[in-house]
Amino acid sequence: MVPAERPPVRRHLGLSGKLLMFTLAFVFLAEVLIYVPSIAVFRLNWLSDRLAAARTAALVLDAAPSGMIQPQLTRELLDSVGAITVALKRDSTRRLLASTDMPPEVDHHADVRDVGPWQAVSEAFDTLLTGDGRIIRAVGTPPRGGGFVEIVLDETPLRKAMLRFSRNILLISLVISALTAGLVYLGLAWMFVRPMRRLTQRMIAFRDDPEGSAVPLDPSQRLDEIGQAEREFVAMQHQIADTLQQKNHLAALGLAVSKINHDLRNLLASAQLISDRLADIPDPAVQRFAPKLVAALGRAIAYCQQTLAYGRAQEPPPERRMVELAPLAEEVRATLGLGEDGSRIGWVTAIERGLEVDADPDQLFRVLLNLARNAAEALAARAPNDPARDQIRITGRRAGATVVIELADTGPGVPERARSHLFEPFHGSTRRGGTGLGLPIAAELMRAHGGEIALVPGTIGATFRLIVPDRPVDLESRRAQRSHG
């Protein structure tokens with residue numbers, strides 16, 4: 001089989017790169033959120049500093065007699081404040097303390113005495129987005145008493161100072177973002193990205209060769225989600241490997257059986273023809289054993305035709321009818337040759353007289369034969385056997401609308417390691433060379449009858465309990481039959 005061609009691998013930003021980019025973006029976003037109120041506060045502080053200098057100049061100008069300050073000193077005071085005019089309003093009087101020869105027209109008003117946060121932010125960005133040369137009027141608290149002090153100044157120095165502040169904030173933000181992103185990247189790469197990359201590589205190796213000798217992942221002792229993912233992956237890896245081994249075993253078994261199925265069926269058909277001729281011999285012993293031989297060969301031919309049913313298709317639905325359990329158990333005993341002269345294994349039957357079970361006789365025979373054969377092989381393993389000690393006991397009783405059948409032996413019992421997988425294919429066999437299919441087939445046949453099979457705990461040897469429920473009665477059809485009769 002030609003392996004499927006894989007799609008080309010696209011080069012994309014890996015988890016580490018995405019982590020780095022997200023960290024940079026988030027840290028830079030945090031710096032932007034810090035910058036917005038910072039630039040607004042910077043503008044208010046800058047204007048407040050100019051108004052504070054104006055208050056000092058106002059004290060000097062207000063204290064001097066009118067006309068006593070030289071124009072040169074007035075210009076120096078205005079230059080120190082950075083203003084074009086300085087005015088003072090006290091009570092109902094507004095006084096121009098200092099001014100240039102021709103004050104320009106005011107373009108914008110700014111009152112720093114009571115500014116809300118949103119107003120401060122909007123006015124800060126208004127200053128940044130407006131070009132140079134705008135004249136503003138700033139108003140603040142007076143040196144003493146009521147009223148206010150106001151200055152008229154060029155906004156260009158303020159805008160340049162805010163641009164320098166913004167540039168410094170941007171540089172600091174970039175440095176902090178890079179350092180934070182680097183530290184977060186290294187930390188998360190060590191804690192998460194590196195183990196995830198390791199886990200991904202093991203997944204790819206297992207996907208490429210699930211049945212090969214890929215190095216298994218050694219899970220760490222971490223208690224977080226990464227450690228749990230590693231442990232779950234190792235458990236899944238073992239489970240898939242066991243499943244593939246079972247399927248390979250089943251495929252090999254099916255291939256082997258399919259090779260011999262045809263020839264074996266022909267050989268059994270020939271033996272059946274010979275047994276039919278033996279039935280015509282008027283010998284009492286032959287007449288006694290020939291019907292059993294014919295029935296056994298017929299059942300063997302049917303089994304050969306359905307050998308591949310398990311694992312490839314479902315068992316045929318049971319053809320149920322009321323059948324006596326005691327003759328069916330006797331047929332199982334005779335097939336295995338137990339309880340007869342020369343047999344080292346005893347057979348005890350304790351079935352209610354006339355007990356009938358609603359089941360397919362052939363399928364129920366297969367279930368009982370599998371259980372009895374397993375019990376006989378377990379008892380034969382501790383040879384030499386004694387019929388008084390090594391026994392197989394089959395009991396049957398009716399419990400309401402169900403029939404309870406128990407088949408027990410006095411052998412060593414089922415090992416503890418095999419009990420958890422007793423009815424799973426290739427797991428339940430406890431003897432060397434066993435296929436482990438007998439009990440799974442028995443469980444499947446019992447489920448088809450709507451019943452169940454279970455190992456009874458706490459008994460000597462191994463005891464298997466079968467529960468076969470009666471079919472529900474269709475009251476309408478029963479009434480119709482009675483009325484027709």
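For the structure, check the block above.
Since the structure is predicted, the reported quantities are computational estimates derived from the model, not experimental observations.

This next bit is on the overall build of the chain. Helix and strand content of the chain: 11 helices and 12 strands. Taking all 485 residues of the chain together, 33% fall into the buried category. For the chain, the accessible surface area stands at approximately 29,800 Å², while carbon and sulfur atoms represent 58% of it.

Moving on to the sheet that holds strand β9 (residues 391-399). The strand order across the open sheet built from five strands is β7-β9-β10-β12-β11, with neighbouring strands paired in mixed fashion. Since the sheet does not close on itself, it has two edges, and those belong to β7 (346-351) and β11 (452-455), each with one partner. Averaged over all adjacent pairs, the angle separating strand axes in this sheet is 15 degrees, with direction ignored. Bridge analysis of strand β10 (residues 402-409) against strand β12 (residues 463-469) gives seven bridges, and the strand direction is antiparallel. Across the sheet, residue Ala 408 finds its bridge partner in β12, namely Thr 463. Sitting on the sheet, helix α7 (residues 325-336) is in contact with β7, β9 and β10, with an inclination near 170 degrees to β7.

Moving on, we get to the nonpolar core. In terms of nonpolar packing, the biggest core is built from 41 residues, with Leu 368 and Ile 392 touching the most fellow members. Broken down by secondary-structure element, the contributors of at least two residues to this core are α7, β7, β8 (356-359), α8 (361-380), β9, β10, α10 (438-448) and β12. Core analysis: the next-biggest nonpolar cluster, separate from the first, contains 28 residues, Val 112, Val 121, Leu 128 and Met 162 among them.

Among the 11 residues of α10, eight are classified as buried, and the element is accordingly described as predominantly covered. Along α10, the residues classified as buried are Leu 439, Pro 440, Ile 441, Ala 442, Ala 443, Glu 444, Leu 445 and Met 446. On its buried face, α10 sits against α8, β11 and β12. Taken from the residues just after α10, Gly 450 is the one with a positive phi, measuring 75 degrees.

For the rest of this paragraph, the subject is the packing of aromatic side chains. Evaluated as defined, the whole model comprises one aromatic pair. On the numbers, 4.7 Å between centres and 15 degrees between planes, the contact of Phe 42 with Phe 165 is stacked. Of the two residues, Phe 42 sits in helix α1 (residues 15-63) while Phe 165 sits in helix α4 (residues 156-208), which places them 123 residues apart along the sequence. Overall, Phe 165 belongs to the partly exposed group, its relative accessible area being 21%.

Right, let's talk about the pattern of salt bridges for a bit. Should their charged atoms come close, side chains of opposite charge can pair. Overall, the coordinates contain 13 salt bridges when judged by the stated rule. Among the ionic pairs, Glu 155 bridges to Arg 134, the shortest N-O distance being 2.7 Å. One end of the pair, Glu 155, is in the loop between β5 (148-154) and α4; the other, Arg 134, is in the loop between α3 (117-129) and β4 (135-140), with 21 residues separating them in the sequence. By relative accessible area, which is 13% here, Arg 134 ends up buried. Look at the salt bridges and you will find they share partners, linking Asp 126, Arg 134 and Glu 155 into a network.

Let us look at the packing of α7 against α8. Close contact between α7 and α8 brings their axes to 10 Å; oriented N to C, the two are set at 50 degrees. What the angle tells us is that α7 and α8 run oblique. Between α7 and α8 the crossing geometry is right-handed. Contact residues: Leu 325, Leu 328, Glu 331, Val 332, Thr 335 and Leu 336 in α7; Pro 361, Leu 364, Phe 365, Leu 368, Leu 369, Ala 372 and Arg 373 in α8. Residues of the contact of α7 with α8, tallied by class, amount to 10 nonpolar, one polar and two charged.

Right, let's talk about the packing of α3 against α4 for a bit. Their axes nearest at 9 Å, the elements α3 and α4 cross at an angle of 100 degrees. Between α3 and α4, the interaxial angle falls into the category roughly perpendicular. Across the interface between the two elements, Ala 124, Thr 127 and Leu 128 of α3 pack against Leu 158, Arg 159, Met 162, Leu 163 and Ser 166 of α4. A class-by-class count of the residues in the contact of α3 with α4 yields five nonpolar, two polar and one charged.

It is worth spelling out the environment of Val 41 at this point. One can find Val 41 in helix α1. Overall, Val 41 belongs to the partly exposed group, its relative accessible area being 44%. As a C-alpha pair, Val 41 and Pro 117 span 76 residues in sequence and 9.2 Å in three-dimensional space.

Judged by side-chain polarity, Phe 22, Phe 26, Phe 28, Leu 29, Val 32, Leu 33, Leu 170, Leu 171 and Leu 174 come together as a nonpolar surface patch covering roughly 860 Å² of accessible area. Only α1 and α4 provide two or more residues apiece to the nonpolar patch. For the nonpolar patch, the element with the highest residue contribution is α1, accounting for six residues.

With respect to the helices and strands, the residue Arg 333 is situated in helix α7. A relative accessible area of 12% places Arg 333 in the buried class. Once residues lying within four places of it in the same chain are set aside, the contact partners of Arg 333 are Leu 338, Gly 339, Glu 340 and Trp 347.

Of note, Ser 166 is situated in helix α4. Ignoring any residue separated from it by four or fewer positions in sequence, one finds Ser 166 in contact with Tyr 35, Ile 39 and Leu 128.

Cut-off values and rules
Each chain carries its own residue numbering, running from 1 in the direction its sequence is written. Restriction of local features to residues with pLDDT of at least 70 applies here, the model being predicted, together with a cutoff of 80 or more for giving and counting side-chain atom pairs; totals for whole chains, interfaces and linings are based on all residues. Processing note: side-chain calculations cover all non-hydrogen atoms of the structure and skip hydrogens and water entirely. Counting from the N terminus, the helices are the DSSP runs of H or I reaching at least four residues and the strands are the DSSP runs of E reaching at least two. Burial classes follow relative accessibility: with a 1.4 Å probe on protein chains only, a residue under 20% of its type's maximum area counts as buried, one over 50% as exposed, and anything between as partly exposed. Note on areas: Shrake-Rupley, 1.4 Å probe, and residue coverage restricted to the protein chains presented here. The pairing criterion is simple: DSSP has to find at least two bridges between the two strands. Axis lines are fitted to C-alpha atoms, over the contacting stretch for helices. Their N-to-C directions set the angle, which ranges from 0 to 180 degrees. Any two residues whose heavy atoms approach within 4.5 Å at even a single point are treated as in contact. What makes a nonpolar core is a set of buried Ala, Val, Leu, Ile, Met, Phe, Trp, Tyr and Cys residues whose side-chain atoms join them at distances within 4.5 Å. Each Phe, Tyr or Trp ring (for Trp, its six-membered ring) is paired with any other whose centre lies within 6.5 Å, and the angle between the two planes then decides the class: stacked below 30 degrees, edge-to-face above 60, tilted in between. By salt bridge we mean one thing: a side-chain nitrogen of Lys or Arg within 4 Å of a carboxyl oxygen of Asp or Glu. Roughly parallel means an angle under 35 degrees; roughly antiparallel, over 145; roughly perpendicular, 65 to 115; everything else is oblique. Here a crossing is called left-handed whenever its near helix is offset anticlockwise from the far helix by less than a right angle, and right-handed whenever the offset is clockwise. Side-chain classes are defined by residue name, with Ala, Val, Leu, Ile, Met, Phe, Trp, Tyr, Cys and Pro counting as nonpolar, Asp, Glu, Lys and Arg as charged, and the others, Gly among them, as polar. Patches were defined on residues exceeding 30% relative accessible area and lacking a salt bridge, with like-charge contacts within 9 Å and nonpolar side-chain contacts (Val, Leu, Ile, Met, Phe, Trp, Tyr) within 5 Å.

These figures come from the coordinates and say nothing about function on their own.
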